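Chains, contacts and geometry: an overview
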Amino acid sequence: MSVAHLTAALLTPASSPALAVGTAVINATPTPVKEWAVRELGHADKPILIGSVLLGTIAFAAAIGVVARRRLRLGAVLLAGLVLLPAAAVALQPLFKISYLIPTLVALVLGPAVLVFLTRALNASETSGHTPEHTPDHSPEQPTVHPTDGDSQRLSSRRNVLVGFGALTLLSAAAAVGGELVVRSRTAIANLKLPRVGKPLPALPTGLEETYDGISSFRTPNRDFYRVDTKLAVPIVDQDSWTLTIDGDVERELTFSYDDLRDRENVEHDITLTCVSNEVGGKLVGAARWTGVPLKDLLEEAGVGDRADQILSTDVEGFTISTPLEAALDGRNAMIALGMNGEVLSRTHGFPARLVVPGLYGYVGATKWVTKLTLTRYDAATAYWTDRDWATDAPIKLSSRIDTPRPLSNIPAGRTVIGGVAWAQQHGVEKVEVRVDGGRWQQAELGPDAGIDYWRQWYLPWVAEPGSHQLAVRVTDRDGTLQSTDRATPFPDGSSGIQDIVVTVG
Ligand SMILES: Nc1nc2c(c(=O)[nH]1)N[C@H]1C(S)=C(S)[C@@H](COP(=O)(O)O)O[C@H]1N2
Ligand SMILES: [Mo]
């Protein structure tokens, strides 16, 4: 499986049998379990999934090894079966090509070969000692306990088996790690320049994080930006052959190359992205300056028909997201982004291009690795997450988060600040209020403003007295809407409620 993984890394990472099984598990997992996994496992969900696939494989292989000791041929057939199961997972991928089976073929040859080799060596090591004087009924006239030739022979061939097994384990680990390194090196994007921006935005002002430790940066650095998607292998897309097609209910179908988009006049917008799975107070939210092409311009060039009510966007592997057509045409800064925070989009965040639609949760507006926009109707086509019962219509709910002090932390008594971020995309943050120990709501100071689609940092000076304290925060947007106190889980259309934390002072 490791050598198959390495082979896949060199061809198409998604064709790795281990990753294909993981992907099949993700797609088959019922929504409540998936929600639980995102909540409880967070960033560890993918490593845990892959770890489980590996442990499962090892457990099955070990059982097959036991069978093979007695019936080698049966063992080899079972092992081939164990390899063919992931082949089914590989073949079920939407973009399946016959070449995706090469890594599985490698496993199909190597697996049983290793099984036969190890089993024969092990059996040989046990029979080599079975000389007559060693059978249980040897004559009592020879009670010698000195090692016999058979014993030492057996020891040395046992040692050979162990050495062989150890060497294979090492080789296998090296292949797996090598595969990961290959993928990582292929993930880097070399020598691409950001498109030219017609009217660059002024530089983002200095954020509160410079003054108050612990408040999230005004702009989330790319390496810290949360990542949420269904991929175990990040798609490696070649920008020279990649295209973006606009089809469906349009006057003329259009296809753009990467250079077409890059050579157009690009724009910049400051937009805070939020995941519907974000819990109140959670980390699945990030703020960036995006560079790209206005979505509206591309759609108008194609000529929007009068029947469509949704944009069904498709990524390079067939994953789909549906976005209300209205959100592309109502004047908000929806865009096809090529850059993020002054850098070419990274592969994890959707290179070569992704959709960014302010005000909508990522799963209904932020398609990464996007390759097609189809203008269609909600009653004619549905997308990946809506097929799994998440809401079709999912504007981001306004929310606020306390970054400092940390929940359940111990802090020294005296002057400090309570601080964090708040967002109300498409409406803008009007005010943030903080409540200490159930007292009155006190208005916090706001950090710089980068527009209605971007979060605001906030802080409230606080003289912390020794003891246990309860801190809560709420935001009001510019339309006067107050953050709801109704507690809701992320499923099906985003969490709500107020973050209420406890800290110990002194
Ligand atoms: N192709 C693709 N695009 C996707 C997803 C996905 O699984 N596949 N996940 C979406 C979700 S749920 C969110 S919240 C955002 C996250 O974008 P980020 O990983 O760049 O933060 O991407 C969206 N775009
Ligand atoms: Mo999301």
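As the structure is a prediction and not an experimental result, all values here were calculated from the model.

Counting residues in hydrophobic clusters, the biggest one holds 75 residues, and the most contacted among them are Ile246, Leu261, Trp290, Leu295, Ile336 and Tyr363. Apart from residues no more than four positions distant in its own chain, isoleucine 246 is found in contact with Arg252, Glu253, Leu254, Phe256, Leu298, Leu299, Ala302, Leu373 and Leu375. Among the nonpolar cores identified, the runner-up in size contains 21 residues, and Leu398, Ala422, Ala424 and Val432 belong to it.

Attention now goes to the pairing of strand β13 (residues 414-423). Of all 10 residues that make up β13, 7 are buried, and the element is covered over most of its length. Sheet analysis places strand β11 (residues 399-404) next to β13, joined by 5 bridges and oriented antiparallel. Opposite arginine 401, over in β13, you have valine 421 as the bridge partner. In this structure, β13 lies alongside strand β17 (residues 456-464), joined through 9 bridges in antiparallel fashion.

Take the pairing of strand β19 (residues 499-505) next. Here β19 shows a buried face lined by Gln499, Ile501, Val503 and Val505 and an unburied face lined by Asp500, Val502 and Thr504. Strand direction decides the pairing type here: strand β12 (residues 410-411) and β19, joined by 2 bridges, are parallel. Note on β19: the bridge partner recorded for asparagine 410 is threonine 504. Where strand β18 (residues 467-477) and β19 come together, 7 bridges link them in antiparallel fashion. Bridge pairing in β19 places histidine 469 opposite valine 503.

Taken together, 19 residues form the shell around ligand 1, and within it Tyr226, Asp315, His349, Arg354 and Lys368 come nearest. At 3.1 Å from an oxygen atom of ligand 1 is found a main-chain nitrogen or oxygen belonging to valine 228. Bound to the protein, ligand 1 loses 99% of the 530 Å² it would expose on its own. A per-class count over the shell around ligand 1 returns 10 nonpolar, 4 polar and 5 charged.

This part covers the UniProt feature "transmembrane region" (unreviewed entry) in the protein. The UniProt feature table records "transmembrane region" (unreviewed entry) at residues 48-67, 74-92, 98-118 and 161-183. Taken end to end, residues 98-118 comprises 81% helix and 0% strand; its first and last C-alpha atoms sit 31 Å apart.

Let's shift gears to the environment of asparagine 160. With respect to the secondary-structure elements, asparagine 160 resides in helix α7 (residues 149-187). For asparagine 160, a relative accessible area of 56% translates into the label exposed. On a C-alpha basis, the gap between asparagine 160 and tyrosine 384 in space is 52 Å, while along the polypeptide they are 224 residues apart.

Moving on, we get to unusual backbone geometry. A cis amide bond links phenylalanine 351 with the next residue in sequence, proline 352, at an omega value of 10 degrees. Looking at where proline 352 falls in the secondary structure, it is placed in the loop between β8 (343-344) and β9 (354-356). Along the chain, phenylalanine 491 connects to proline 492 via a cis peptide bond; the corresponding omega equals 5 degrees. Note that proline 492 resides in the loop between β18 and β19. One non-glycine residue, asparagine 341, adopts positive backbone phi at about 50 degrees. Mapping asparagine 341 onto the fold places it in the loop between β7 (335-340) and β8. Look at aspartate 389: it is not a glycine, yet its phi comes out positive at around 75 degrees. Along the chain, aspartate 389 falls in the loop between β10 (370-376) and β11.

Position of glutamate 210 relative to the elements: it lies in the loop between α7 and β1 (243-248). C-alpha separation for the pair glutamate 210 and arginine 487, spaced 277 residues apart in sequence, amounts to 33 Å.

A few words on the environment of alanine 9. When you line up the elements, alanine 9 lands in helix α1 (residues 2-10). Residues alanine 9 and threonine 476 lie 467 residues apart in sequence; the distance between their C-alpha atoms is 49 Å. With sequence-adjacent residues up to four places away left out, alanine 9 is seen in contact with Gly179, Val182, Val183 and Arg186.

Moving on to helix α6 (residues 102-127). With 26 residues, α6 ought to run about 38 Å at 1.5 Å a step, and its terminal C-alpha atoms sit 38 Å apart, in line with that. Residues of α6 that are buried include every one of Pro103, Thr104, Ala107, Pro112, Leu115, Leu118, Thr119 and Ser125, and no others.

Together, Leu10, Leu11 and Ile102 line one region of the surface with nonpolar side chains, adding up to about 260 Å² of accessible area. Position of leucine 11 relative to the elements: it lies in the loop between α1 and α2 (17-28).

Here we come to the domain arrangement of the protein. For the protein, the assigned domains read domain 1 (2-130 + 149-187), domain 2 (208-388) and domain 3 (399-505). Taking only C-alpha atoms, the centre of domain 2 and the centre of domain 3 are 28 Å apart. Listed by partner, the interface residues are 34 residues for domain 2 and 31 residues for domain 3. Taking both partners together, domain 2 and domain 3 bury about 2,600 Å²; carbon and sulfur atoms supply 58% of that area. Sorting the residues of domain 2 by area buried against domain 3 places Leu208, Phe218 and Val280 first, and these three jointly supply 26% of that buried surface. Where domain 2 touches domain 3, the interface holds 0 salt bridges. Across the domain 2-domain 3 interface, the total number found is 15 residue pairs in polar contact (both at pLDDT 80 or more).

About the thresholds
- Residues numbered from 1 in each chain as written.
- Chains lettered and ligands numbered in written order.
- Predicted model: local features only at pLDDT ≥ 70, side-chain atom pairs only at ≥ 80, totals over all residues.
- Heavy atoms only, no water.
- Core = buried A, V, L, I, M, F, W, Y, C linked by side-chain atoms within 4.5 Å.
- Buried < 20%, exposed > 50% of the residue type's maximum accessible area, 1.4 Å probe, protein only.
- Contact = heavy atoms within 4.5 Å.
- Helix = DSSP H or I, 4+ residues; strand = E, 2+ residues; numbered from the N terminus.
- Pairing = 2+ DSSP bridges.
- Near = heavy atom within 4 Å.
- Polar contact = N/O pair within 3.5 Å; in protein donor to acceptor, adjacent residues only side chain to side chain.
- Areas by Shrake-Rupley, 256 points an atom, 1.4 Å probe, with all protein chains shown as cover.
- Nonpolar A, V, L, I, M, F, W, Y, C, P; charged D, E, K, R; others polar.
- UniProt positions renumbered as here; feature names shortened; annotations may be inferred.
- Expected span 1.5 Å × (residues − 1).
- Patch = residues over 30% accessible without salt bridge, like charges linked within 9 Å, V, L, I, M, F, W, Y side chains within 5 Å.
- Salt bridge = Lys/Arg side-chain N within 4 Å of Asp/Glu carboxyl O.
- Domains from an automatic or database assignment.
- Buried area = accessible area lost by both parts, 1.4 Å probe.

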